Amino acid sequence: MVDRDKSSETSKDFYVDVPAETPGFFLKGSAHLNWGMKNRLSRIFNPKSGNAVMLAFDHGYIMGPTSGLERIDLSIPPLLPYTDCMMCARGALRACISPEVDIPLVMRCSTGATILKELSNEVIGVTVQDAVSMNAAAVTTQAYIGGEYEKETLGNLARLINEGNLYGVPTLGVTAVGRELVRDARYLGLASRVVAELGVHFVKTYYCEPGFDEVVAGCPVPIVIAGGKKIPEPDALAMAYKAIDQGASGVDMGRNIFLAEDPVAMIQAVRAVVHDGEKSDKAYDLYQTLKHEKE
Ligand code: R5P
């Protein structure tokens, strides 16, 4: 019995003169979350920089074998050493990504629509329990604010938040934009705020100008930006820089990384912006240097 061990009693030290720290938490709006939530968020967002480079390759769930993702097993693994967090669908993960990778995952949980039909007509197809069984650090679906199935997609998001709260699994709220909606600060600010008030733990939305700083300020939880359609590499890096400079907590980028002329160089240049605050021209220099090193 431990309390009969006198030698160990004499070695006790309670450091009575050292008050226990009551630290806060590095992520916006997250101080009152439980330990499991904070631990998972700390895997996604780097506690030193406060930011994250998320790699999105979930496009196939609505688009099929889209350009750059025809062979996820070939295009994505070379990028993983530079990735803070993967965002993908269950089937792609299981079939194409080695379970030996030690990178957190945001699991895409929605289904029900393809590019052939109305995109907002989605349901939840992956339970939080199954996402947890695949060691997801967070779950996600998108809300089509102003879209035809706005209510249903908010219901999907609410379901993930409610189930995730039971297991300490954060939810990423994606603000999807219907074809007819303008991606301006008024709309993105509204969409981001709505999903944050519903209870998502971080938000993915688009960069916009002017007014992205107000989108960030009006959203009480961290925002990461989607990359959107492929644009020239210097422009994508400039967009990432402006977003970080105006308060974004990272990127959740897909096409502008895996469709870059040199995806491995591109993700490293994006990292320099997101984690080191590198300006976009310097980051583009880095991109070119890394690209030419291989030639
Ligand atoms: C939206 O949530 C999509 O499924 C993609 O994950 C998203 O569009 C990010 O990829 P990209 O940077 O290619 O826009």
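Relevant structure appears above.
What you are looking at is a predicted structure, and each value in this text was computed from that prediction instead of being measured. (Residues numbered from 1 in each chain as written. Predicted model: local features only at pLDDT ≥ 70, side-chain atom pairs only at ≥ 80, totals over all residues.)

Engineer: Can you help me understand the pairing of strand β6 (residues 138-143) in this one?
Structural biologist: Every other side chain in a regular strand lies on the same face of the sheet, so the side chains alternate between the two faces. Among the 6 residues in β6, 6 count as buried, and that is most of the element. Side chains Ala138, Thr140 and Gln142 of β6 all project onto a buried face; the interleaved residues Val139, Thr141 and Ala143 project onto the opposite face, where all are buried too. The pairing of strand β3 (residues 105-108) with β6 spans 3 bridges and is classified as parallel. Paired with valine 106 across the bridge in β6 is alanine 138. Note that β6 and strand β7 (residues 171-175) share 5 bridges and pair parallel. Looking at the pairing, valine 139 lines up with threonine 171 of β7. Note that the unit made of β6, helix α7 (residues 150-167) and β7 has a crossover that is right-handed. (Buried ≥ 20, exposed ≤ 12 C-beta atoms within 10 Å, placed from the backbone. Helix = DSSP H or I, 4+ residues; strand = E, 2+ residues; numbered from the N terminus. Pairing = 2+ DSSP bridges. Right-handed = clockwise from strand over helix to strand, strands pointing away.)

Engineer: Would you take a moment to explain the packing of helix α10 (residues 233-245) against helix α12 (residues 263-276) for this structure?
Structural biologist: For any two helices packed against each other, one specifies the inter-axial angle together with the distance between the axes. Between α10 and α12, the shortest axis-to-axis distance is 9 Å and the interhelical angle comes to 25°. Judged on the interaxial angle alone, α12 and α10 are roughly parallel. Both α10 and α12 take part in a crossing whose hand is right-handed. Residues Glu233, Leu237, Ala240, Tyr241 and Ile244 of α10 pack against Met266, Ala269, Val270, Val273 and Val274 of α12. Classifying every residue of the contact of α10 with α12 by side-chain character gives 9 nonpolar, no polar and 1 charged. (Axes fitted to C-alpha atoms, helices over the stretch in contact; angles between N-to-C directions. Parallel < 35°, antiparallel > 145°, perpendicular 65-115°, else oblique. Left-handed = near helix turned anticlockwise from the far one by under 90°. Contact = placed C-beta atoms within 7 Å. Nonpolar A, V, L, I, M, F, W, Y, C, P; charged D, E, K, R; others polar.)

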